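# Topology and contacts: notes
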Amino acid sequence: MDIRKIFLGYFQKNGHLILPSAGLIPENDPSVLLTTAGMQQFKPFYLGIKKPPKSRIATVQKCFRTSDIDSVGYTERHLTFFEMLGNFSFGDYFKEEAIKYSLDFMVNNLMIPIEKLWVGVFSGEGELFADKESEKYWIENGIDQKKIYWFDKKENFWGPAGDTGPCGPCTEIYYDFGEKFGCGKKDCGPGCDCERFLEIWNLVFTQYDYNGSRYIDLPSKNIDTGMGLERIAAVLEGTPSVFKTSLFKEIVEKIKE
């Protein structure tokens, strides 16, 4: 199965412009050394500096991230280099459509049983309200309310990238590999350090502008999502380890040789 081709084809069919991956060394962005996320090449669009070629875009972005480097080799899921499948909306669709697209793609295109999916949503903090809107859309699209977990700002709120700027709540999809991969604790669930639940897709809802003291609603709300290619391959191939997927098979065989 060519996951990249299926992903891009799905979003192209739903009105997205398909763009190539940006290089690992960012162009005209002195704030970072390497490309760490799918949205990075689109920062000028989010900041209103440039106008996007289309309000809906999808990519498969090559990423290099060092934030998890101490976890690589100690878990079955962390990588420094990975590919991020992402769909983006610039003032076009928002939470309802983004959630609908993500579940429709997983359940009806990748044929992942919806019973195996759990989600995390933002629980609210201070002046920021709990994201009941996302909860509503997940339930409407078939997710059991018992499989919705609430996480605080540290876990489920993105940005701003600096001291001020665009930011917003996020929601994730987790895949449940089953109890045999779990830790056996009663409170085991999405976010647990064991290998049972794997976060596979993060949806960021950029809806606020933080001015240093207050969160102000953005007039144009945006969508930024990211699904790890290696992680979704692990799900489809039935292993909680990204290193045991076909994506790594040739590399592992070469190392053995």
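Structure report, in brief. Fair warning: this is a prediction, and the values are worked out from it, not measured in the lab.

### A short note on the packing of aromatic side chains
- Enumeration according to the criterion identifies 28 aromatic pairs in this entry.
- Centroid distance Y10 to F105: 5.3 Å. Interplanar angle 55°. Geometry classified as tilted. Here Y10 is found in helix α1 (residues 3–13), whereas its partner F105 is found in helix α3 (residues 95–109), with 95 residues between them in sequence. In this pair, the class of Y10 matches that of F105, namely buried.
- A network of ring pairs unites the aromatic residues F7, Y10, F11, Y93, Y101, F105 and W201 as a single cluster.
- Directly above the aromatic system of F157 lies the positively charged group of K153, at a separation of 5.6 Å from the ring centroid.

### Some remarks on the environment of D187
- Among the secondary structure elements, D187 is positioned in the loop between β7 (165–176) and β8 (197–210).
- Look at D187 and you get exposed, because its relative accessible area is 65%.

### What to know about the pattern of salt bridges
- For the structure on display, the rule yields 11 salt bridges.
- Residue E195 pairs with R77 through a salt bridge whose shortest N-O separation is 3.3 Å. Note that E195 is positioned in the loop between β7 and β8 and R77 in the loop between β2 (56–64) and β3 (81–90), a separation of 118 residues in sequence. As far as the burial class goes, E195 and R77 line up, both buried.
- Each of K95, D131 and E133 takes part in salt bridges that share partners, so that together they form one network.

### Notes on the side chain of Q207
- Of note, Q207 is situated in strand β8.
- Sequence-distant contacts of Q207, defined by excluding residues within four places in its chain, comprise F94, K95, C167, G168, P169, I216, D217, L218 and K221.

### Section: the pairing of strand β4 (residues 117–122)
- Counting buried residues along β4, six of its six residues qualify, which places the element largely inside the surrounding structure.
- Both faces of β4 are covered, namely the face carrying L117, V119 and V121 and the face carrying W118, G120 and F122.
- By the bridge criterion, four bridges tie β4 to β7 in an arrangement that is antiparallel. Residue L117 lies in a different strand from β7, and its bridge partner there is Y175.
- Taken together, the four bridges between β4 and strand β5 (residues 148–151) define a ladder with parallel strand orientation. Of the residues in β5, the one forming a bridge with V121 is W150.

### Some remarks on the packing of α1 against α3
- Contact geometry of α1 with α3 gives a least axis separation of 11 Å together with a crossing angle of 130°. By the angle between their axes, α1 is oblique relative to α3. Along this stretch, α1 crosses α3, giving a crossing that reads as right-handed. Seen from α1, the contacting residues are I6, F7, Y10 and F11; seen from α3, they are Y101, D104, F105 and N109.
- A breakdown of the residues in the contact of α1 with α3 according to their chemical character gives six nonpolar, one polar and one charged.

### Points about α3
- Relative to the 21 Å expected for 15 residues at 1.5 Å per residue, α3 spans 20 Å between its end C-alpha atoms, a close match to the ideal helical length.
- What α3 keeps buried is the set K95, A98, I99, Y101, S102, L103, F105 and M106.
- Looking one or two residues beyond α3, the residue adopting positive phi is M111, at roughly 60°.

### Examining the nonpolar core
- Formed by 46 residues in total, the largest nonpolar core has its most connected members in M106, L117, W138, I200, W201 and I232.
- Looking at this core element by element, the count peaks at six residues for α3.
- Among the nonpolar cores identified, the runner-up in size contains eight residues, and M39, F42, Y46 and I57 belong to it.

### Quick notes on the state of the cysteines
- Applying the stated rule across the entire model yields zero disulfides.
- C192 takes part in no disulfide bond, and the closest cysteine sulfur, belonging to C194, lies 3.6 Å away.
- Unpaired in this structure, C194 has its nearest cysteine sulfur neighbour in C188, at a distance of 3.6 Å.

### What to know about the side chain of T225
- On the secondary structure map, T225 appears in strand β9 (residues 215–228).
- Since its relative accessible area comes to 3%, T225 is described here as buried.
- A polar side-chain atom of T225 sits 2.6 Å from a polar atom in the side chain of N87.
- A polar side-chain atom of T225 sits 3.1 Å from a polar atom in the side chain of W201.

The rules behind the values
Residues numbered from 1 in each chain as written. Predicted model: local features only at pLDDT ≥ 70, side-chain atom pairs only at ≥ 80, totals over all residues. Heavy atoms only, no water. Phe/Tyr/Trp six-rings, centres within 6.5 Å; stacked < 30°, edge-to-face > 60°. Helix = DSSP H or I, 4+ residues; strand = E, 2+ residues; numbered from the N terminus. Buried < 20%, exposed > 50% of the residue type's maximum accessible area, 1.4 Å probe, protein only. Lys NZ or Arg CZ within 6 Å of the ring centre and 35° of its normal. Salt bridge = Lys/Arg side-chain N within 4 Å of Asp/Glu carboxyl O. Contact = heavy atoms within 4.5 Å. Pairing = 2+ DSSP bridges. Axes fitted to C-alpha atoms, helices over the stretch in contact; angles between N-to-C directions. Parallel < 35°, antiparallel > 145°, perpendicular 65-115°, else oblique. Left-handed = near helix turned anticlockwise from the far one by under 90°. Nonpolar A, V, L, I, M, F, W, Y, C, P; charged D, E, K, R; others polar. Expected span 1.5 Å × (residues − 1). Core = buried A, V, L, I, M, F, W, Y, C linked by side-chain atoms within 4.5 Å. Disulfide = S-S within 2.5 Å. Polar contact = N/O pair within 3.5 Å; in protein donor to acceptor, adjacent residues only side chain to side chain.

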